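Okay, here's what each chain looks like letter by letter:
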Amino acid sequence: MDRRALLAAGGGTALAAATSVPQAFATPLTGSGLGAAVRFNVISDIQGDLRDFGRALDDMAAVNPHSVGLAVAGDITPRGYDAEYAQVSAELARHSHPREVAWAIGNHEFYVPKWRDPGTLSQDTWPNHTTEDSLFRSFHRFARRGTVHAETTFGGVPVLTLGTERYAHYHDPKLWDEVWISDAQFTWLEDRLWHWSRRRKPVMVITHHPLPDTVSGTRNKLYASDYLQADRLLGLLGRHPNVFLFSGHTHWDLELSDWVVRRVVPGTANLSGFTVVNTGAIQTGYRDDGKGGEVSVGGTFNQGLQVEVRRDAVVIKARDFARRAWLKEITVPLAR
């Protein structure tokens, strides 16, 4: 059942090494004249941990009561059953939260086929009469839209959600959770990025799987091949210095130094790169085990982000919802 045991080799390769955000991008929160700020939150990987999800919602409401949005970067459910989506909706309704919520699809939304019924794991008989279309329909009903990709705004800040349009194991028995993106989604993404670039707006991109050689965990063999078209996606994002990509999936601890990086993609004429941010996780944290794998952090783990978009900078703060404490923060100036 553990998706970490199911990752298969294959997919896109990295175009260039990511670099930790340099000190020039790590200015303190003392600047003046930055204009009115828009604040929102980003979390990921709830995976059935509804108690911690509720605690996270309560903490976000306490420290960011005027949040204009909540982005959830995938693994909304543990397996993708309609009843599990309903439990997430019910838990959300029990707590204060922004009206605007942007949901991204994750690999756990495709795990129903491993189960003969909700109480009987049966991976040997995969897909257990579950169709690929039914999994997408469940997500679409929950997210109230007809595609995995979508655009919304948080207080005027554009937010784009991306996601796989196939569950890879249905199409290739050697693959499992790898991300496949259609030409239509790529075309849409390119159009929206240029649209907002011409209007000098920073763009928040929400996706579940991390791109290779970016944030924590992505130089580990477990997460090197999550995308079947990594180069193409990097090529689009890498042209825009004011893109902020938020990814989950790894559950790697936000205490790590490479929780935020600037990713420079050769050939894009953007020498400053774009910003990539790890979202932590609501359910269970991990770190490198020093042997090419990972190990659980242990104890109570419940992390996420608060993002503040100012006139000329974006402030990203890592939050421990369990301890109700800030972990770290960084300020990224916007290119003009």
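Residues numbered from 1 in each chain as written. Predicted model: local features only at pLDDT ≥ 70, side-chain atom pairs only at ≥ 80, totals over all residues. Heavy atoms only, no water.

*Asks:* Which parts of the structure should I look at to understand the nonpolar core?
*Replies:* Burial of nonpolar side chains together is a common tendency in soluble globular proteins. Counting 32 residues, the largest nonpolar core has I43, F53, V72, W103 and F139 as the members making the most contacts within it. With sequence-adjacent residues up to four places away left out, F139 is seen in contact with I76, Y85, W103, A104, I105, R145, T147 and V148. A73, F154, F244 and V260 belong to the second-largest nonpolar core, a separate cluster that totals 28 residues. (Core = buried A, V, L, I, M, F, W, Y, C linked by side-chain atoms within 4.5 Å. Buried < 20%, exposed > 50% of the residue type's maximum accessible area, 1.4 Å probe, protein only. Contact = heavy atoms within 4.5 Å.)

*Asks:* Looking at this structure, I do not really get the pairing of strand β17 (residues 325-333). What am I missing?
*Replies:* The side chains of a regular strand alternate between the sheet's two faces. In the sheet, strand β16 (residues 313-320) pairs with β17 via eight bridges, with the strands oriented antiparallel. Bridge pairing links K317 to E329 in β17. Counted between consecutive antiparallel strands, the loop separating β16 from β17 contains four residues, among which R324 sits at a positive phi close to 55°. (Pairing = 2+ DSSP bridges. Helix = DSSP H or I, 4+ residues; strand = E, 2+ residues; numbered from the N terminus.)

*Asks:* Explain the side chain of S216 here, please?
*Replies:* Mapped onto the secondary structure, S216 falls in the loop between β9 (203-207) and α5 (230-237). A distance of 2.6 Å separates the side chain of S216 from the side chain of D258, its partner in a polar contact. Look past the residues within four positions of S216 in its chain and what remains in contact with it is T250, W252, D253, L256, D258, W259 and N278. (Polar contact = N/O pair within 3.5 Å; in protein donor to acceptor, adjacent residues only side chain to side chain.)

*Asks:* What's the story with empty space enclosed by the protein in this structure? I'm lost.
*Replies:* Over the atoms, a rolling probe the size of a water molecule traces out where space has been left empty. All told, the structure shown has one cavity of 30 Å³ or more when counted by the stated rule. Put simply, the largest cavity is a space of about 40 Å³. In this structure, the largest cavity is lined by I105, G106, N107, L162, G163, T164, V179, T207, H208 and H209. Across the lining of the largest cavity, the residue classes tally to three nonpolar, seven polar and no charged. (1 Å grid on protein atoms, 1.4 Å probe; cavity = no way out; pocket = protein on both sides within 12 Å on 5 of 7 lines; lining within 4 Å. Points joined across faces, edges and corners; volume = space filled by probe spheres on them. Nonpolar A, V, L, I, M, F, W, Y, C, P; charged D, E, K, R; others polar.)

*Asks:* Please clarify how the environment of G285 should be interpreted in this entry.
*Replies:* As for its position among the elements, G285 is in the loop between β12 (274-278) and β13 (286-288). Accessibility expressed as a relative area gives 2% for G285, which makes it buried. Here the alpha-carbon distance between G285 and Q303, two residues 18 residues apart in the chain, equals 8.5 Å. Every residue in contact with G285, bar those within four places of it in the chain, is listed here: H251, V295, S296, V297 and F301.

*Asks:* I tried to follow the sheet that holds strand β3 (residues 70-73) on my own but got confused; where do I start?
*Replies:* By way of backbone hydrogen bonds, the strands of a sheet pair with one another, either parallel or antiparallel. Read from one edge to the other, the open sheet built from six strands follows the order β4-β3-β2-β15-β16-β17, with strand pairing classed as mixed. Sheet topology places β4 (101-104) and β17 at the edges, where each strand pairs with a single neighbour. Across the sheet, the mean angle from the axis of one strand to that of its neighbour is 20°, orientation sign disregarded. Relative to β4, β3 is paired through four bridges, and the arrangement is parallel. From the neighbouring strand, A71 faces β4, where its bridge partner is A102. Against the sheet, helix α1 (residues 50-63) makes contact with β2 (38-43), β3, β15 (303-309), β16 and β17, and its axis sits at roughly 165° relative to β2, the strand it touches most. (Axes fitted to C-alpha atoms, helices over the stretch in contact; angles between N-to-C directions.)

*Asks:* Can you walk me through the packing of aromatic side chains in this structure?
*Replies:* Aromatic rings considered in pairs are described by the distance between their centres and by the relative angle of their planes. In the structure shown here, the tally under the stated rule is eight aromatic pairs. Taking 5.1 Å as the distance between ring centres and 70° as the angle between the ring planes, the aromatic pair formed by F110 and F136 counts as edge-to-face. With F110 in the loop between β4 and β5 (115-117) and F136 in helix α3 (residues 132-143), this residue pair connects regions lying 26 residues apart in the sequence. Neither residue differs from the other here; F110 and F136 are each classed as buried. Aromatic side chains W126 and W176 sit 6.0 Å apart centroid to centroid with 80° between the ring planes, which places their arrangement in the edge-to-face category. Note that W126 is positioned in the loop between β6 (120-121) and α3 and W176 in the loop between β8 (157-161) and α4 (183-198), a separation of 50 residues in sequence. Residue classification places W126 among the buried residues on the basis of a relative accessible area of 18%. The class for W176 is buried, based on a relative accessible area of 16%. An aromatic cluster is built from F110, W126, F136, Y167, Y170 and W176, whose rings are joined through pairwise contacts. Across the ring face of Y111, the terminal group of K114 is positioned such that the distance to the ring centre comes to 3.2 Å. One cation-aromatic arrangement involves R319 over W326; the distance from NZ or CZ to the ring centre is 4.5 Å. (Phe/Tyr/Trp six-rings, centres within 6.5 Å; stacked < 30°, edge-to-face > 60°. Lys NZ or Arg CZ within 6 Å of the ring centre and 35° of its normal.)

*Asks:* What is the right way to read α1 from this model?
*Replies:* Residue pairs three or four apart in sequence face the same way in an α-helix, which turns once every 3.6 residues. Taking 1.5 Å as the rise per residue, α1 with 14 residues should run 20 Å; its terminal C-alpha atoms sit 20 Å apart, in good agreement. The secondary structure elements touched by the buried residues of α1 are β2, β3, α2 (82-93) and β16. (Expected span 1.5 Å × (residues − 1).)

Any functional reading would require information that these geometric values do not contain.
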